[in-house]
Each structure stands twice: as C-alpha cells, then as structure tokens.
Amino acid sequence: QVQFVESGGGLVQPGGSLTLSCAASGNTFSIYAMGWFRQAPGKQREMVASISRGGSPNYANSVKGRFTISRDNAKNTMYLQMNSLKPEDTAVYYCNNVFPRSSWGQGTQVTVSS
C-alpha cells in the first residue's frame, strides 16, 4: 500500500503563500489520480484539488484561482502551491489517491492568521 508524507505547512499571514509537498512510496504513483484534502477542527474532510495521471487539474470553488496542484511522477511527488491565503484556509492538509484511497498520513498544518 502506498504511503504518503506531507510537508511544507506553517503559519502565514492572510495574503501569504505556502507550497506543500506530498512524497509517496510505491511504484504505481503515476497510474492514479491524486488529490489534496483538508480538514478543519469540527468539519468534514474535503478535497480541495485533484490531478489526473496525465496532469489535468481540478479545484474546489473555494480555492480555484488561488491554489495550483502539480505532480512529478518520476519523483513520486505532488505539490500544492497556495497563494492569497485566507484565514478560512486554516486546516490540516493531506494527500491521497482519489481512488483507490490509501491510508491517511499525518498531514501538515496550515494556519493563516494575522
């Protein structure tokens, strides 16, 4: 089963930027659509962005125009560039296959606060 390790989170002011990375194990990374998910305290986990095997992206309306998802299949790594961050973006961010879903990693905390 593929394992994921998220990194790059931190504390930023509103309007700031962060880039998250997702390192994946296994030799089948390139065949699956991948996604970035986030979960704020007391709320459901939601998918904020996904990317197909070939690199076609999709975004939730809440982040469209501000976030950019990308992947490097040769490096088994996925990225989420986050610009113009808002306090409502505060959450733990996770990566995973869209399908089949693998085990969740620890995630990386993103806090947007002034």
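Quick notes on the rules
- Residues numbered from 1 in each chain as written.
- Predicted model: local features only at pLDDT ≥ 70, side-chain atom pairs only at ≥ 80, totals over all residues.
- Heavy atoms only, no water.
- Buried < 20%, exposed > 50% of the residue type's maximum accessible area, 1.4 Å probe, protein only.
- Helix = DSSP H or I, 4+ residues; strand = E, 2+ residues; numbered from the N terminus.
- Pairing = 2+ DSSP bridges.
- Phe/Tyr/Trp six-rings, centres within 6.5 Å; stacked < 30°, edge-to-face > 60°.
- Lys NZ or Arg CZ within 6 Å of the ring centre and 35° of its normal.
- Axes fitted to C-alpha atoms, helices over the stretch in contact; angles between N-to-C directions.

1. A short note on the pairing of strand 4 (residues 34-39)
Line of reasoning, step 1. Among the six residues in strand 4, five count as buried, and that is most of the element.
Line of reasoning, step 2. In this sheet, strand 5 (residues 46-51) lies alongside strand 4 in antiparallel orientation, the contact comprising five bridges. By the bridge assignment for strand 5, Met34 is matched with Ile51.
Line of reasoning, step 3. Counted between consecutive antiparallel strands, the loop separating strand 4 from strand 5 contains six residues, among which Gly42 sits at a positive phi close to 75 degrees.
Line of reasoning, step 4. Pairing geometry for strand 4 and strand 9 (residues 91-97), over six bridges, is antiparallel. By the bridge assignment, Arg38 is partnered in strand 9 with Tyr93.

2. Quick word on the packing of aromatic side chains
Each aromatic ring pair is specified by the distance between its two centres and by the angle formed by the two planes.
Line of reasoning, step 1. Scanning all chains against the criterion turns up two aromatic pairs.
Line of reasoning, step 2. Summarising the aromatic geometry, the rings of Phe37 and Trp104 are spaced 5.0 Å apart at their centres and angled 85 degrees between planes, so their arrangement reads as edge-to-face. One end of the pair, Phe37, is in strand 4; the other, Trp104, is in the loop between strand 9 and strand 10 (108-112), with 67 residues separating them in the sequence.
Line of reasoning, step 3. Residue classification places Phe37 among the buried positions, given a relative accessible area of 5%.
Line of reasoning, step 4. Among the residues examined, Trp104 registers a relative accessible area of 28% and is labelled partly exposed.
Line of reasoning, step 5. Cluster of aromatic residues (ring-pair linked, three or more members): Phe37, Tyr94 and Trp104.
Line of reasoning, step 6. Stacked on the ring of Tyr94, the Lys or Arg Arg45 has its end atom at 5.3 Å from the ring centre.

3. Examining the sheet that holds strand 3 (residues 18-24)
Line of reasoning, step 1. Read from one edge to the other, the open sheet built from four strands follows the order 1-3-8-7, with strand pairing classed as antiparallel. Where the open sheet ends on each side, the last strands, each with one partner, are strand 1 (4-7) and strand 7 (67-72). Taking the axes of each pair of neighbouring strands and ignoring which way they run, one obtains an average angle of 15 degrees across the sheet.
Line of reasoning, step 2. Pairing between strand 1 and strand 3: four bridges, direction antiparallel. Across the sheet, residue Val5 finds its bridge partner in strand 3, namely Ala23.

4. A short note on the sheet that holds strand 4
Line of reasoning, step 1. Overall, mixed pairing links the six strands, which are arranged 2-10-9-4-5-6 in an open sheet. If you trace the sheet from one side to the other, it starts and ends with strand 2 (10-12) and strand 6 (57-59), each paired once. On average, adjacent strands in this sheet sit at an angle of 25 degrees to one another, irrespective of strand direction.
Line of reasoning, step 2. Looking at chain direction, strand 2 and strand 10 are connected through three bridges and run parallel. Along strand 10, the bridge assignment pairs Val12 with Val112.

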